[in-house]
Amino acid sequence: MIKLVVFDLDNVIIDGEAIDEIGKLANVEEDIAAITEKAMQGEIDFETSIKDRVQLLEGTSIEDIEKVACDLPLMPGAEKTIKCLKDKDVDVAIISGSFDVVADKIKDKLGVETVYTNSFTVEDGKLTGEVTGPLVSGTKLDVLKDHVEEAGITLDEVVAVGDGANDISMIESAGCGIAFNAKDSVKEIADVVVEEKDLCKVLCEILNQLTTEDAETETVEDEAEEAETEAVAEEPVEEVAEAEEADEEVVEEAAEEEAEEAEEEVVEEAAEEEAEEAEEEVVEEAAEEEAEATEEPAEEEAKEEKPKAKKSKKGLPESNFVLADTMEGVRKQKDEKEAEIAKVAEEREEFNKIAKEQRKIRDELNASLKENLNKAIEYRNERNEINKAVEAAKKARNDANNKIKSLEWSSGKRDKIKIENEIKKIDKIIETRVLDIKKENQLVKNANDLRKQLMEIHEDESVKNEAQELKKLSEEEHEKVIELSEKAQTAHEEMLTYFRKTDDIRTAADEAHKKFIEARKNASAKHEEFKVILSDIHVINKKLGSNKPKRRKSDNKPSGGANKNREEKERAEEIFEKFKQGGKVSTEEILLLQKYNIG
C-alpha cells in the first residue's frame, strides 16, 4: 500500500536546476552547469559537486537568490499531482540536494509539509561559499530511512521520483522507483520510466498502482480478505444443503397427494387424505426448522403480517368451509375443490422446478468462482516469487556497481577525473576571457603542469581487470532484472484478469441465489394454499360418508392372523413414535397408523 511519495526538487517539482539559475547572478552559470551535468551523470560524487558549485557562488547576495527562487517555474502538473495525492491521503515529501531558500518557496506554493534540503552559509547577507545540511555528505536514502522510521512505515510503502544520479539510492530502495526525464543510469534501475515533462504522467502511474492495490484488496490480496471471499462463495452451497431436504419433501408430497386423489372410492380417499394430513405435519415441521436455521427476514415479516391460521390436531389449518345443503351440492363442491387443488399443486411444482434450476445455476457459478479465485491466487503467488528474484538480481547488480565505483576511485581514476576537470576549466577561461599576457601565460603553465601529472598517473591493471569482471556481472544481473520484471508483469496482469472474472461470476451467482430464494418462497406459499384446500376437502369427505378407511377383509386367513395384527399394531406404534420425533413417514406407514387408529 502506497503511503508516501518522495520527490526530488530540481527538474522534477520545478522545471529547471535552481543552482544553475542562481549561478547567473554570479556569472558562473556555465561552470556550475558543467559540474551539475557531471554529478547528474554520476561522473563525480555529489558531495564534491555541491561544494565546488557553492564555492563558485561566494559573495552572491542572499536577497537576490530569494528573488530568483520566487520566479522558478513549477513543473507542468506539479500542483495537480500534489493535490491529488493529498486528497488520496498519501503523504508527500521533498528530498533534494538543493537549498532551503528555494525549497521553502515551493513548499508554500504546493502545501508540502515535509522538505529535506541543504543550506547556504550566509554572512552579512552574502554567501560564504560553504554549504551545510543532511545531503552534503549523506545520501537521499539515509534521509528517507530516517523519515520512514519516524513515520512508522516501510520503504516498500514508498514511491520515489527523481532524475539524477544522487536519486538512485532512494529510487532503487523504494517500493516503486520512478525515473522522471532522467539520465540513463537512473532509468536502468527504475521500476517506471516517464519521459514526458508532465508530473501528471507520474500521477497516473501512482494512481494505477493504488487502483491495483484496491483491486487486490477487494479480491483477496491479503489472506484475511481471501478467506472472506471463499466464505462468501461457500455460503450459498451450505444454504442449498439446508434447503434441499425441504425441496425434496415438497416434491415427494405432491406426487403422493396427487396419486391419492386418483383413488375412486370415497372412503379410500378419506383415508389417503388423512395420510396426507399427517405427512403435511412432517413437512411443516421441516419447513419451520429450516426457517429457524436460515432466519430469512422476508419470511419472518410475512409471518408477522399474516396471523397464523389455527391448526387442527392433524396439522392442517382448521376449515371454515360451508357445506351445501344437499349431497349433490356437496359432491359438486368436492369436484370443484379437487380441480382447485390440482391447479395449486401444478403451480407449486412449477415454482419448485424454477428453484431447482436456479439452485443448479448458482452451484455451478460458485464452483467456477472458486476455480477462478484459485487461479488468481496462483498468479499472485507466482508474481510475488518472481519479484523476489527481481530484488535479488537488483541487489547483485547494485553491489557490483558499488564495487566498480570503489575500485575506480582507488585505482587513480578519481585523481585523473579531477585533474582533467581542472585542465578543462583553465582551457575554458583562456578561450572565453580577455586576459593580460602574464596571467594567460601563468594559466597555460598551470594547465601544462596538470597534464604532466595526468600522464604520470597509471591505473592499477589488476584493479582495472577486476572492475571489468564486475561490470560484466552487473550487465548480466541487469538483464535478469529486465527479463524477470516482464514475467512478473505478465503474472500480475493474469492475476487481475482472474480477479475481475471472480467479481462477474459472484454477481451472477448472487442473482441466481435471489431467484432461488424467491421461487422457494413462492412454492411454500402455494403449499400453504394447498393445505387450506385439502382441509376443506377433508370436511367434504366427512360429509360424503366416512373419515376413516374401510377395513380390509381377512380373505380366509388362518387363525394366526391375530398374532400378525398384534405385530402390525406394535409396528404402527413404533412408526408413530418416529413421527412424533420429526421422522419422515411413508404413505404405507401412514395407512398402517390409520388402520389401528393411532395418532
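Given the structure is predicted, the values throughout are model-derived calculations rather than measurements. (Residues numbered from 1 in each chain as written. Predicted model: local features only at pLDDT ≥ 70, side-chain atom pairs only at ≥ 80, totals over all residues. Heavy atoms only, no water.)

## Some words on the packing of aromatic side chains
Move 1: Counted by the stated rule, this structure contains two aromatic pairs.
Move 2: Summarising the aromatic geometry, the rings of Phe99 and Phe120 are spaced 3.9 Å apart at their centres and angled 20 degrees between planes, so their arrangement reads as stacked. With Phe99 in strand β2 (residues 91–99) and Phe120 in strand β3 (residues 114–123), the pair connects residues that are 21 residues apart, well separated along the chain. Residues Phe99 and Phe120 agree in their burial class; the two are buried.
Move 3: When the ring of Tyr379 is compared with that of Tyr498, the centres are 5.8 Å apart and the planes differ by 15 degrees; the resulting orientation is stacked. One end of the pair, Tyr379, is in helix α14 (residues 327–410); the other, Tyr498, is in helix α17 (residues 461–544), and 119 residues separate them in sequence.
Move 4: A residue is classified by how much of its surface remains accessible, and Tyr498, at 17% relative accessible area, is buried.
Move 5: A cation over an aromatic ring shows up here: Arg348 above the ring of Phe530, its NZ or CZ 4.7 Å from the ring centre. (Phe/Tyr/Trp six-rings, centres within 6.5 Å; stacked < 30°, edge-to-face > 60°. Helix = DSSP H or I, 4+ residues; strand = E, 2+ residues; numbered from the N terminus. Buried < 20%, exposed > 50% of the residue type's maximum accessible area, 1.4 Å probe, protein only. Lys NZ or Arg CZ within 6 Å of the ring centre and 35° of its normal.)

## Some words on the confidence of the model for the chain
Move 1: Across the chain, the average pLDDT comes to 78, with 77% of residues at 70 or higher.
Move 2: Mean pLDDT values over the elements of the chain span from 38, in helix α13 (residues 297–305), up to 96, in strand β1 (residues 4–7). (pLDDT = per-residue confidence, 0-100.)

## What to know about a negative patch on the surface
Move 1: Residues Asp184, Glu188, Glu475, Glu476 and Glu479 make up a contiguous surface patch of negative charge.
Move 2: Listing elements by their share of the negative patch, those giving two or more residues are α9 (184–189) and α17.
Move 3: Sorting elements by how many residues they give to the negative patch places α17 first, with three residues.
Move 4: Along the chain, the position of Glu188 falls in helix α9.
Move 5: You can call Glu188 partly exposed: its relative accessible area is 48%. (Patch = residues over 30% accessible without salt bridge, like charges linked within 9 Å, V, L, I, M, F, W, Y side chains within 5 Å. Areas by Shrake-Rupley, 256 points an atom, 1.4 Å probe, with all protein chains shown as cover. Salt bridge = Lys/Arg side-chain N within 4 Å of Asp/Glu carboxyl O. Lys, Arg positive; Asp, Glu negative; His and termini not counted. Charge placed at Lys NZ, Arg CZ, Asp CG, Glu CD.)

## Description of the sheet that holds β2
Move 1: Read across the open sheet, the seven strands follow the order β4-β3-β2-β1-β5-β6-β7; overall the sheet is mixed. Of all the strands in the sheet, the pair left with one neighbour each is β4 (126–132) and β7 (192–194). Across the sheet, the axes of successive neighbouring strands diverge by a mean angle of 25 degrees, strand direction being ignored.
Move 2: In terms of strand pairing, β1 meets strand β5 (residues 158–162) through four bridges, oriented parallel. Residue pairing across strands places Phe7 opposite Val161, the latter belonging to β5.
Move 3: Together, β2 and β3 form the strand contacts of helix α6 (residues 100–110), whose direction differs from that of β3 by roughly 140 degrees. (Pairing = 2+ DSSP bridges. Axes fitted to C-alpha atoms, helices over the stretch in contact; angles between N-to-C directions. Contact = heavy atoms within 4.5 Å.)

## A look at unusual backbone geometry
Move 1: Located in the positive-phi region is Asn27, a residue other than glycine, with phi close to 55 degrees.
Move 2: Considering the arrangement of structural elements, one finds Asn27 in the loop between α1 (18–23) and α2 (29–41).
Move 3: Since its relative accessible area comes to 65%, Asn27 is described here as exposed.
Move 4: For Asp89, which is not a glycine, the phi torsion comes out positive at approximately 65 degrees.
Move 5: The residue Asp89 is located in the loop between α5 (78–87) and β2 in this model.

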